[in-house]
Amino acid sequence: MVGRVTVQDAAPTLLKTPPGDNGLPLIGHSLDFARGKLAATHYWYDRYGPVSVTRAFGNTWIQCDGPDACGAVLTDRDRVFDSSGWQLLIGPFFSRGLMLLDGLEHHRHRRIMQGAFTADRLAGYLGPMNETIERGLAEWPVGQLRFYPTVKQLTLDVATRTFMADQVGQGSQRVNDAFSDSVRAATSFVRFPVPGLRWSRGLAGRRLLEDYLRPRIPAHRASDGDDLFTALCHAQSEDGESFSDDDVVNHMIFLLMAAHDTSTSTLTTMAYYLAKHPEWQERCREESRAVGAGPVEYGDLNKLVSLDLVMKESMRLVTPVPGVTRRAGRDTELLGFRVPAGSYLAVHLWGVHHLPELWPDPERFDPERFAEHRREDKVHRYAYMPFGNGVHKCIGMYFGGMEVKAAMHQLLQRYRLRVPGGYEMPVDWVSLPRPKDGLPITLERL
Ligand code: HEM
């Protein structure tokens, strides 16, 4: 009988070594990764298929592409893969964030954190979120603006209020820079502190965030507020376990990062495609108007059906987290290939979202492919994974969807978005995707 080869029954010598190439002498493909050059390409898949091997940052990296390889690593049925890949890339900056924990400890922390993401909590976050969006949008200038930095300031203001119950104010820019520095440090080529370089800036960002959060813990422990910081201070698992002060700081720093840049990226991509496709923009606007003028209520979010389709298609085309990483804790196999203990794995989510075998005409913006009568995302169990899969699947996916829809709902009621005909957004794939030109967009007041 031909079956799946498992860790237990695999004789490692019978397994094939994955094909691949090591790139340049000594540095391998490090520069390509640090510059995000291969993040949005089928480089590995086209040359070597779904599992290949290379060298980068002084380590062996197994490249996983296609739904079978990516799905197998993320669901990790044999419990072989751990998060040391993230530790390697962002550990110093996002130490002990939920995504960097493993096994029972991860399970325990995730169960406590769930308490901050219940439907009641989400509904509670939406009120202040809506107010901050309304106030922020009222200050946007009409005419041309660079959408990415403008919406990034808005999502930061939302985080300041929704996560910390702080008033939006002067500290924001420093905190904003601290997040960005910490995230971008993940792809540093020089991976030790040299003043002025990316790695050092990331460490300084981490220190700033700790200094910002720690003194605020007692007030949030004592508060019964509707912010995420307070929710984390009070969160308890069913067994009554809760977070220490250190846990709260570590989780807050990770959550702020995880929420902020992903939502900014998603909103930017949606604005781009809505500006390019006025018929979709009008369709979403009509739905928003039908729901009612002003901010969206929690119970009405699921009525924004077209906006949901546009969000899904935008996350497919410009996958906000284009790839995730793991490390093999022991020798194992992947689709019949040998994966030696200690190798790092790159799970190429962008690649899965663009495979022509799964997605007809994959580069075309076609939100309807997610509609009930088509559901192209269901063609394979692991065809669509913008929020990952398995035990580390995004805990904030409903929070993120809520923020993105709440912001776009108000934006579309105020403004018409335009880009010049033929404009193509150039994307920088270093860390999370963002437009190299900031996305120049014209806002017309309605
Ligand atoms: C469009 C928005 C978002 C996208 C595309 C996204 C994507 C992802 C992905 C792909 C992962 C899996 C990482 C892995 O498997 O290694 C993940 C994990 C995670 N995300 Fe998100 N995310 C988004 C928004 C958010 C928000 C708003 C929050 C919090 C408020 C959040 C918190 C987290 C956390 C804590 C994890 C780690 C979960 C764990 O390890 O158990 N994310 N996210």
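Just above sits the structure.
Heads up: these notes are all about the structure in this document. It should be emphasised that the depicted structure is a prediction, and the values quoted were computed from it without experimental measurement.

1. Points about the pattern of salt bridges
Right, on to step 1. Tallying each qualifying case throughout the model produces 30 salt bridges.
Right, on to step 2. A salt bridge links Glu210 to Arg206; the nearest nitrogen and oxygen atoms lie 2.8 Å apart. Taken together, the residues span about one helical turn, with Glu210 and Arg206 both in helix H9 (residues 198–213) at a distance of four residues.
Right, on to step 3. Assessed through its relative accessible area of 24%, Glu210 is described here as partly exposed.
Right, on to step 4. With a shortest N-O distance of 3.4 Å, Arg364 and Asp366 are connected by a salt bridge.
Right, on to step 5. It is possible to trace a salt-bridge network through shared partners that takes in Glu313, Arg316, Asp361, Arg364, Asp366, Arg369, Arg374 and Glu376.

2. Looking at the coordination of the iron atom of the ligand
Right, on to step 1. No other protein atom reaches the iron atom of the ligand as a donor apart from Cys394 (SG), found 2.3 Å away.
Right, on to step 2. With respect to the helices and strands, the residue Cys394 is situated in the loop between helix H15 (349–353) and helix H16 (397–414).

3. A closer look at the sheet that holds strand E1 (residues 51–56)
Right, on to step 1. With mixed pairing, the five strands of this open sheet are ordered in space as E1-E2-E8-E5-E3. Lying at the two open borders of the sheet, with one neighbouring strand each, are E1 and strand E3 (81–82).
Right, on to step 2. Of the pairings in the sheet, the one linking strand E2 (residues 59–64) to strand E8 (residues 344–348) comprises four bridges and is parallel in character. Considered in E8, the bridge of Trp61 is made with Tyr344.
Right, on to step 3. The strands that helix H3 (residues 67–75) touches are E1, E2, E3, strand E5 (323–328) and E8; relative to E8, the one it contacts most, it runs at about 125 degrees.

4. Regarding the site of the ligand
Right, on to step 1. Residues in close proximity to the ligand total 29 residues, the closest being Trp86, His106, Arg110, His392 and Cys394.
Right, on to step 2. Between Arg326 and the ligand, the recorded distance is 2.7 Å, taken from a side-chain N or O atom to an oxygen atom.
Right, on to step 3. Between the ligand and His392 there is a distance of 2.5 Å, counted from an oxygen atom to a side-chain nitrogen or oxygen.
Right, on to step 4. Of all the elements in the fold, those that place two or more residues in the shell around the ligand are helix H5 (103–113), helix H12 (245–276), E5 and H16.
Right, on to step 5. Examining the composition of the shell around the ligand, we find that six residues originate from one element, H12, more than from any other.
Right, on to step 6. In terms of residue class, the shell around the ligand is made up of 19 nonpolar, seven polar and three charged.

5. Some words on the pairing of E1
Right, on to step 1. By the criterion of burial, E1 is predominantly enclosed, with five of the six residues buried.
Right, on to step 2. One ladder, built from six bridges, connects E1 with E2; its direction is antiparallel. Of the residues in E2, the one forming a bridge with Thr54 is Trp61.
Right, on to step 3. In sequence, E1 turns back onto E2 through a hairpin of two residues, with Phe57 there showing a positive phi of about 50 degrees.

6. A short note on the sheet that holds strand E12 (residues 440–445)
Right, on to step 1. With antiparallel pairing, three strands are arranged side by side in an open sheet as E4-E12-E9. Strand pairing shows two members of the sheet lacking a second neighbour, strand E4 (143–146) and strand E9 (415–418), which therefore form its edges. Adjacent strand axes in the sheet meet at a mean angle of 35 degrees when their direction is disregarded.
Right, on to step 2. With four bridges joining them, E4 and E12 adopt antiparallel strand pairing. Among the inter-strand pairings, Gly143 is bridged to a residue of E12, identified as Leu443.
Right, on to step 3. In the packing of helix H7 (residues 147–164) onto the sheet, the strands contacted are E4 and E12, and the crossing angle to E4 comes to about 75 degrees.

7. Digging into the packing of aromatic side chains
Right, on to step 1. Scanning the entire structure with this criterion turns up 16 aromatic pairs.
Right, on to step 2. Where Phe117 meets Phe399, the ring centres are 6.3 Å apart and the plane angle is 70 degrees; that geometry is what we call edge-to-face. Taken together, the residues span a long stretch of sequence, with Phe117 in the loop between H5 and helix H6 (119–138) and Phe399 in helix H16 at a distance of 282 residues. Each of the two residues, Phe117 as well as Phe399, counts as buried.
Right, on to step 3. Ring geometry for Tyr272 versus Tyr423: centroids 5.9 Å apart, planes at 80 degrees, classification edge-to-face. In this pair, Tyr272 is assigned in helix H12 and Tyr423 in the loop between E9 and strand E10 (427–428), connecting sequence segments 151 residues apart.
Right, on to step 4. Overall, Tyr272 belongs to the buried group, its relative accessible area being 4%.
Right, on to step 5. The exposure class of Tyr423 is buried, given its relative accessible area of 13%.
Right, on to step 6. Through a chain of ring-to-ring contacts, the aromatic side chains of Phe117, Tyr125, Phe163 and Phe399 assemble into a single cluster.

Cut-offs and rules
- Counting starts from 1 at the beginning of each chain's written sequence and moves along it residue by residue.
- Only residues with pLDDT of at least 70 get local features here, since the model is predicted, and only at 80 or more are side-chain atom pairs given and counted; chain-wide, interface and lining totals rely on the full set of residues.
- Hydrogens are left out, water is left out, and the side-chain values use all remaining heavy atoms of the structure.
- Throughout this description, the term salt bridge denotes a Lys or Arg side-chain nitrogen within 4 Å of a carboxyl oxygen of Asp or Glu.
- Numbering goes from the N terminus for both helices and strands, where a helix is a DSSP run of H or I of at least four residues and a strand is a run of E of at least two.
- Using a 1.4 Å probe on the protein chains alone, a residue whose accessible area is under 20% of its type maximum counts as buried, one over 50% counts as exposed, and one in between counts as partly exposed.
- Metal-coordinating donors are taken as N, O and S atoms lying within 2.8 Å of the metal, or within 3.2 Å when the metal is Na, K or Ca; because water is left out, some sites can appear incomplete.
- Here, strands pair whenever DSSP counts at least two bridges between them.
- Working rule for contacts: check all heavy atoms of both residues, and any pair within 4.5 Å makes them a contact.
- Geometry is summarised by axes, namely lines fitted to C-alpha atoms with helices restricted to the contacting stretch, and by angles between N-to-C directions that run from 0 to 180 degrees.
- Near is defined per residue: the residue qualifies when any heavy atom it owns lies within 4 Å of the molecule or strand.
- For this analysis, a polar contact is any N or O atom pair within 3.5 Å, provided that within protein one partner can donate a hydrogen and the other can accept it, and provided that sequence-adjacent residues contribute only side-chain to side-chain pairs.
- In this classification, Asp, Glu, Lys and Arg are treated as charged, Ala, Val, Leu, Ile, Met, Phe, Trp, Tyr, Cys and Pro as nonpolar, and every other residue, Gly included, as polar.
- Pairing of aromatic rings covers Phe, Tyr and Trp, the last through its six-membered ring, and needs centres within 6.5 Å; plane angles under 30 degrees mean stacked, over 60 mean edge-to-face, and all others mean tilted.

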